[in-house]
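So the chains spell out like this:
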Amino acid sequence: DAGGHGTGWRGWPLVGELHLQTQALGFIDSYVAQVDRVSGRLNADLRLAGNLAAPTISGELKVSDAQVDAYQINLALRDLNFDALLRDSSLQLDGSATAGTEGHAHFNGTLTWRQALPYGQLHLSGDNLRVVNIPEARVQVTPDVNMTFNGRRIDVTGTIALPYARLARPDQLTNAVRASGDEIIVSARRAAPGAGFSVFSDVTLNLGERVTIDTLGLAGRLSGSLRTVTDDTGFERGTGELQVEEGKYTAYGRKLDIERGRLLFNNGPLSDPAIDLRAIKKFPDITAGVNVRGTLRSPRMTFFS
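Residues numbered from 1 in each chain as written. Predicted model: local features only at pLDDT ≥ 70, side-chain atom pairs only at ≥ 80, totals over all residues. Heavy atoms only, no water.

Colleague: Describe the overall build of the protein, and please don't skip the residues or the numbers.
Modeller: On a plain count of helices and strands, the protein comes out with two helices and 17 strands. Counting across all 305 residues of the protein, residues that qualify as buried make up 31%. Sequence separation of at least 24 residues holds for 42% of the intrachain contacts in the protein that already meet a minimum separation of 6. Surface exposure of the protein reaches about 18500 Å², of which carbon and sulfur atoms provide 53%. (Helix = DSSP H or I, 4+ residues; strand = E, 2+ residues; numbered from the N terminus. Buried < 20%, exposed > 50% of the residue type's maximum accessible area, 1.4 Å probe, protein only. Contact = heavy atoms within 4.5 Å. Areas by Shrake-Rupley, 256 points an atom, 1.4 Å probe, with all protein chains shown as cover.)

Right, here's the structure in full:
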């Protein structure tokens, strides 16, 4: 309800209430491209105030027994429940969800809006969340991550433990050819400058006992920790060292046993670390092998026997 006198209708006071109960959450996947299916119950008890030029909303939103599917990475969130408390220009969130057979997550935080932009912090914690489940990657994570919103800038910091991960290159599975490094994709649709959000991340990955890799001739179990940094362009850099605890290295059609192996990240591209590896093959009367230096994509080999 809004009413007043005179031509300054923008200043008329606004008073009202909105009460909503629905199970029709399917509209969400029409607005969020990464989501393919949403279901659940929504209850809203909201109060309107302020004026027509600057309305304010307060009250409570409650989502219960929701399910979210993202088929591209085969992510399935189940038992998604959260409460959202709105107080004028602030939003307080608290919720939980499950992912996979044994994973569960909890998130909470507070956001405020100034000039239609978010400010505040959200925290995500969990245990054994299955976040990717496709042929070339199966990943479970235990996150402890903070997201800080500062207008159009979002900073993601914290640690993520990987109790289980199995990674393989898609082109090894399908015999596809990798795109050239100088490839540029031109699109007619471009976001207006300054209209989007810039995401920066600084996250430390700690590998568990069941992390394996099968890529570019290297197959084995990895251990160690790695700091990953991403800028607003999406470029990912890594710092740290991963050890190849056990595995095989393929050279000239031969599978060799890895005696010593390290992947070294020195603030370079996350997808192309330096490699320091020694692998051997034992025969009845001789032992032959290879030392590998360079990078994982461009290895330099020397042989010995």
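Colleague: With reference to specific residues and values, describe the layout of surface pockets.
Modeller: In this structure, the second largest pocket spans a volume of roughly 220 Å³. If you trace the second largest pocket, you find 14 residues lining it, with I28, V38, V63, L80 and F82 closest to the centre. Looking at the lining of the second largest pocket, the elements with two or more residues in it are β2 (37–50), β3 (55–70) and β4 (75–87). Looking at the lining of the second largest pocket element by element, the count peaks at four residues for β3. A breakdown of the residues in the lining of the second largest pocket according to their chemical character gives 14 nonpolar, no polar and no charged. (1 Å grid on protein atoms, 1.4 Å probe; cavity = no way out; pocket = protein on both sides within 12 Å on 5 of 7 lines; lining within 4 Å. Points joined across faces, edges and corners; volume = space filled by probe spheres on them. Nonpolar A, V, L, I, M, F, W, Y, C, P; charged D, E, K, R; others polar.)

Colleague: Outline the nonpolar core, supporting the account with residue identities and numerical values.
Modeller: Membership of the largest hydrophobic core comes to 44 residues, with the highest contact counts inside it found for L218, L222, Y249, L263 and L277. Among the nonpolar cores identified, the runner-up in size contains nine residues, and L25, V38, L42 and L80 belong to it. (Core = buried A, V, L, I, M, F, W, Y, C linked by side-chain atoms within 4.5 Å.)

Colleague: Tell me about the packing of aromatic side chains, and name the residues and values.
Modeller: Using the criterion set out here, one finds two aromatic pairs in the structure. Both rings, one in F82 and one in F107, keep their centres 6.3 Å apart while their planes meet at 55°; by these two values the pair is tilted. With F82 in strand β4 and F107 in strand β6 (residues 103–114), the pair connects residues that are 25 residues apart, well separated along the chain. Above the face of the Y119 ring, R114 is positioned so that its terminal group lies 3.8 Å from the ring centre. The positively charged end of R153 is found above the aromatic ring belonging to F200, 3.9 Å away from the centroid. (Phe/Tyr/Trp six-rings, centres within 6.5 Å; stacked < 30°, edge-to-face > 60°. Lys NZ or Arg CZ within 6 Å of the ring centre and 35° of its normal.)

Colleague: Any chance you could break down the environment of G158 for me, citing the residues and the numbers?
Modeller: Within the secondary structure, G158 sits in strand β10 (residues 153–168). A relative accessible area of 23% means that G158 is categorised as partly exposed. For G158, the residues in contact, after removing those within four places along its chain, are D144, V145, D202, V203 and T204.

Colleague: If you had to explain the side chain of T228 to someone new, which residues and values would you point to?
Modeller: By secondary structure assignment, the location of T228 is in strand β12 (residues 218–230). Setting aside chain neighbours within four positions, we find T228 in contact with S201, D202, V203, L205, R237 and L270.

Colleague: Requested: an account of the pairing of β10, with residues and values cited.
Modeller: As paired elements, strand β9 (residues 137–150) and β10 share 13 bridges and run antiparallel to each other. Looking across to β10, one finds that V139 is bridged to A165. Between β9 and β10, which pair antiparallel one after the other, the connecting turn spans two residues, and G151 there sits at a positive phi close to 70°. Both β10 and strand β11 (residues 198–215) contribute to a ladder of 15 bridges, which runs parallel. When the sheet's bridge partners are listed, V156 is paired in β11 with S201. (Pairing = 2+ DSSP bridges.)

Colleague: So, the environment of L25: which residues are in play, and what are the values?
Modeller: Mapped onto the secondary structure, L25 falls in the loop between β1 (16–22) and α1 (28–31). Note on L25: relative accessible area 5%, which makes it buried. Along the sequence, L25 and V38 sit 13 residues apart, while their C-alpha atoms lie 6.0 Å from each other. Setting aside chain neighbours within four positions, we find L25 in contact with V38, S39, G40, R41 and L42.

Colleague: Report on the pairing of β9, specifying residues and quantitative values.
Modeller: Pairing analysis gives seven bridges linking strand β7 (residues 117–127) to β9, with the strands arranged antiparallel. Note on β9: the bridge partner recorded for Y119 is N150. In this sheet, β9 lies alongside strand β8 (residues 129–134) in antiparallel orientation, the contact comprising five bridges. Looking across to β9, one finds that R130 is bridged to Q140. Between the end of β8 and the start of β9, which pair antiparallel, lie two residues.

Colleague: Provide a residue-level description of unusual backbone geometry, including the pertinent values.
Modeller: A positive phi angle, near 50°, is found at D79, a position not held by glycine. Structurally, the position occupied by D79 is in strand β4. The partly exposed category is assigned to D79, whose relative accessible area is 45%. Although it is not a glycine, Q115 sits at a positive phi angle of roughly 55°. Accessibility expressed as a relative area gives 79% for Q115, which makes it exposed.

Colleague: Residue-level account of the side chain of Q140, with values.
Modeller: Structurally, Q140 can be placed in strand β9. A polar atom in the side chain of Q140 sits 2.9 Å from the side chain of R130. Excluding residues within four positions of it along the chain, Q140 makes contact with E102, N128, L129, R130, A161, L162, P163 and Y164. (Polar contact = N/O pair within 3.5 Å; in protein donor to acceptor, adjacent residues only side chain to side chain.)

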